[in-house]
Amino acid sequence: MSANRPAAVVVLAAGEGTRMKSATPKVLHAICGRSLVGHVVAASRELSPEHLVVVVGHAREQVTAHLAEIDAEVRTAVQHEQNGTGHAVRMGLEELSGSGVALDGTVIVVCGDTPLLTGATLERLASAHATDGNAVTVLTAEVPDSTGYGRIVRDAASGAVTAIVEHKDATDAQRAIREINSGVFAFDAQLLTDALGKVRTDNSQGEEYLTDVLGILREAGHRVGAAVAGDHREILGINNRVQLAEARRLLNQRLLERAMLSGVTVVDPGTTWIDATVTFEPDALVHPGTQLLGATHLAAHSEVGPNSRLTDTTVGEGAVVSFTVADRAEVGAGAGVGPYAYLRPGSRLGAKSKAGTYVEMKNASLGEGSKVPHLSYVGDATIGDHTNIGAASVFVNYDGVNKHHTTIGSHCRTGADNMLVAPVTIGDGAYTAAGSVITKDVPPGSLAVARGQQRNIEGWVARKRPGSAAARAAENAHQDHQSDQ
């Protein structure tokens, strides 16, 4: 739990985000496995706030439903009309007070479109706010180019913030200031509540600005301070698809650096993409062109890639997965997958098993040491230990209405080009002949042969395809055979 646990965090997520040019609400656009607002909620949770309120407005039904999925404890407040940031915060506080919550302590206000903001930075903001005894503390950043941002004007003697001046209103001297306002604040809860009641709307937009609270508190004799973010990129907000892509790149770079510093080898960070929810163990190896998504986990000494995409997939210790697409699959320790394999949901590979080249699996388990080496489809099946599935085999699991299950025991050998028509069971130690269509259960230790008897019709090519290349080749072969005799 945070040593400076705030009374509440208020996340502002009511805006439409028209510059995204999308039917999807801006805060629901996703990068690295989470929505924009999801990243902000996750960072806020690191402070262990007593209450977390997200202010919704545009497409509030969608946003509220999404919040319920990602964090059941989040409360929502509705800003029916977007009347400014001050109005949005007031709606958030009224949601709490209307539920009988009496806030005492610090209120942190963050924006719902800042996915690079970290819990560590919010913790430093809360700590500076408490240590300095401020009425309000602004999270600021020193940027290479401050054009367009509100400048932080400080008292030369005390370092206290005296004003936040918007770019259009700034003097030449103020425009030279590189410290800018992030839009993230820590407030004394009671002072914030009182000041919000005094915010006016006599401005060009006719809105309630949260930044006006700073002037109100300062005029009342309260201290306004600032905490500087260690990395100015953390405060970047998202307003269009270009900024979305840039934030994705920066966040992916951060996640990869964290993985590498924890002992993971990433051969080419420039072509490797991972989600914030992916986990690793030391000495995992990730090859170029790989995407690791969702709750994917790579165990120690596992190897993934190149050119693989794993979603919600667990890769066991020492397993190798190459040129593979896997979704909600489990790959056991020492197993091999690919190249060019497709593991669909419910695929479970036991230790030292193999799903090889051009193999597709779905809702199927492969026992320890068992192999499906190549060119096969395994669907709705249970395969025991140390069994080999012949090339070009198909588990015929669908009758057009229902899916059916195939069970194959341990130490079995199924022939190449088998059709296994479910429901069917092949007992331990049984064999099936190549080219068979298996429609009945095979007892343990038996050999199943289910194919037509071969019949050779001598001279058919010469009679039916006279003068063809095949007929000439056959005639030459006959002559050579007679010469050898």
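Conventions adopted
Residues numbered from 1 in each chain as written. Predicted model: local features only at pLDDT ≥ 70, side-chain atom pairs only at ≥ 80, totals over all residues. Heavy atoms only, no water. Helix = DSSP H or I, 4+ residues; strand = E, 2+ residues; numbered from the N terminus. Rg over C-alpha atoms; globule rule 2.2 N^0.38 Å. Buried < 20%, exposed > 50% of the residue type's maximum accessible area, 1.4 Å probe, protein only. Areas by Shrake-Rupley, 256 points an atom, 1.4 Å probe, with all protein chains shown as cover. Lys, Arg positive; Asp, Glu negative; His and termini not counted. Charge placed at Lys NZ, Arg CZ, Asp CG, Glu CD. Axes fitted to C-alpha atoms, helices over the stretch in contact; angles between N-to-C directions. Parallel < 35°, antiparallel > 145°, perpendicular 65-115°, else oblique. Left-handed = near helix turned anticlockwise from the far one by under 90°. Contact = heavy atoms within 4.5 Å. Core = buried A, V, L, I, M, F, W, Y, C linked by side-chain atoms within 4.5 Å. Phe/Tyr/Trp six-rings, centres within 6.5 Å; stacked < 30°, edge-to-face > 60°. Arc of directions from axis to C-beta. Polar contact = N/O pair within 3.5 Å; in protein donor to acceptor, adjacent residues only side chain to side chain. Pairing = 2+ DSSP bridges. Salt bridge = Lys/Arg side-chain N within 4 Å of Asp/Glu carboxyl O.

### Examining the overall build of the protein chain
Counting its secondary structure elements, the protein chain contains 10 helices and 37 strands. Taking 2.2 N^0.38 as the reference for a compact globule, 485 residues should give roughly 23 Å; the C-alpha atoms of the protein chain span a radius of gyration of 33 Å, well beyond that estimate. Its C-alpha atoms give the protein chain principal-axis dimensions of roughly 115 × 50 × 40 Å. Put simply, the protein chain has 485 residues, and 46% of those count as buried. Here the protein chain has roughly 22900 Å² of accessible surface; of this, 49% comes from carbon and sulfur atoms. Within the protein chain, the 53 negative side-chain charges are centred at a point lying 7 Å from the centre of the 42 positive side-chain charges.

### Topic: the packing of helix H3 (residues 85–98) against helix H6 (residues 189–196)
In contact at an axis separation of 10 Å, H3 and H6 are set at 125 degrees when each is read in the N-to-C sense. With respect to H6, the element H3 is oriented oblique. Relative to H6, H3 is oriented so that their crossing is left-handed. Here Gly86, Val89, Arg90 and Leu93 of H3 come into contact with H6, specifically with Leu192, Thr193 and Leu196.

### Considering the nonpolar core
Among the nonpolar cores identified, the biggest contains 55 residues, and Phe280, Leu292, Leu298, Leu343 and Met361 are the most heavily contacted of them. Broken down by secondary-structure element, the contributors of at least two residues to this core are helix H8 (241–261), strand E25 (341–343), strand E27 (354–366), strand E28 (371–383) and strand E34 (424–426). For this core, the element with the most residues is H8, which contributes 7 residues. In this view, Leu343 contacts Val325, Ala326, Asp327, Ala329, Val331, Val337, Leu349, Ala355 and Met361; residues no more than four positions away in its chain are not counted. In this structure, Ala8, Leu12, Ala195 and Leu217 belong to the second largest nonpolar core, which totals 35 residues.

### Structural notes on unusual backbone geometry
Cis geometry is found at the peptide bond from Gly305 to Pro306, where omega equals 5 degrees. Looking at where Pro306 falls in the secondary structure, it is placed in the loop between strand E18 (303–304) and strand E19 (309–311). Cis rather than trans, the peptide bond between Gly338 and Pro339 has omega equal to 5 degrees. The backbone phi angle of Lys352 is positive, close to 60 degrees, even though this residue is not glycine. Structurally, Lys352 can be placed in the loop between strand E26 (348–349) and E27. Non-glycine residue His386 carries a positive phi angle of around 55 degrees. Judged by its relative accessible area of 36%, His386 is partly exposed.

### Some thoughts on the packing of aromatic side chains
Under the counting rule described, the total for this entry stands at 3 aromatic pairs. A centroid spacing of 5.6 Å and a plane angle of 35 degrees characterise the contact between Phe185 and Phe187, whose relative ring orientation is tilted. Of the two residues examined, Phe185 and Phe187, each falls in the buried class. Relative to Tyr340, the ring of Phe323 lies with its centre 5.1 Å away and its plane at 40 degrees, an arrangement referred to as tilted.

### Description of the environment of Thr265
Residue position: Thr265 is located in strand E12 (residues 265–266). The spatial distance from the C-alpha of Thr265 to the C-alpha of Asp132 is 43 Å, given a sequence separation of 133 residues.

### Examining H6
Those residues of H6 that sit buried are Ala189, Leu192, Ala195 and Leu196. Around the axis of H6, the buried residues are gathered within 135 degrees of arc, so they sit on the same side. Of the residues that open H6, the one with a side-chain oxygen 3.2 Å from the backbone nitrogen of Gln190 is Asp188.

### A closer look at the side chain of Ser322
Tracing the sequence through the fold places Ser322 in the loop between strand E21 (320–321) and strand E22 (324–327). If sequence neighbours within four positions are ignored, Ser322 has contacts with Gly305, Pro306, Ser308, Val337, Gly338, Pro339 and Tyr340.

### Observations regarding the pairing of strand E9 (residues 161–165)
Here strand E8 (residues 151–154) runs beside E9; their pairing, made up of 4 bridges, is antiparallel. When the bridges of E9 are listed, Val153 appears paired with Ala163. Between E8 and E9, which follow one another and run antiparallel, lie 6 residues, and Gly159 among them has a positive phi close to 80 degrees.

### Some points on the pattern of salt bridges
For the structure on display, the rule yields 11 salt bridges. With a closest N to O distance of 2.8 Å, Asp113 and Lys26 form a salt bridge. With a gap of 87 residues between them, Asp113 in the loop between strand E6 (106–111) and helix H4 (119–132) and Lys26 in the loop between strand E1 (8–13) and strand E2 (30–31) connect regions that are remote in the sequence. When the shortest N-O distance is used, the salt bridge between Asp231 and Arg233 registers 3.0 Å.

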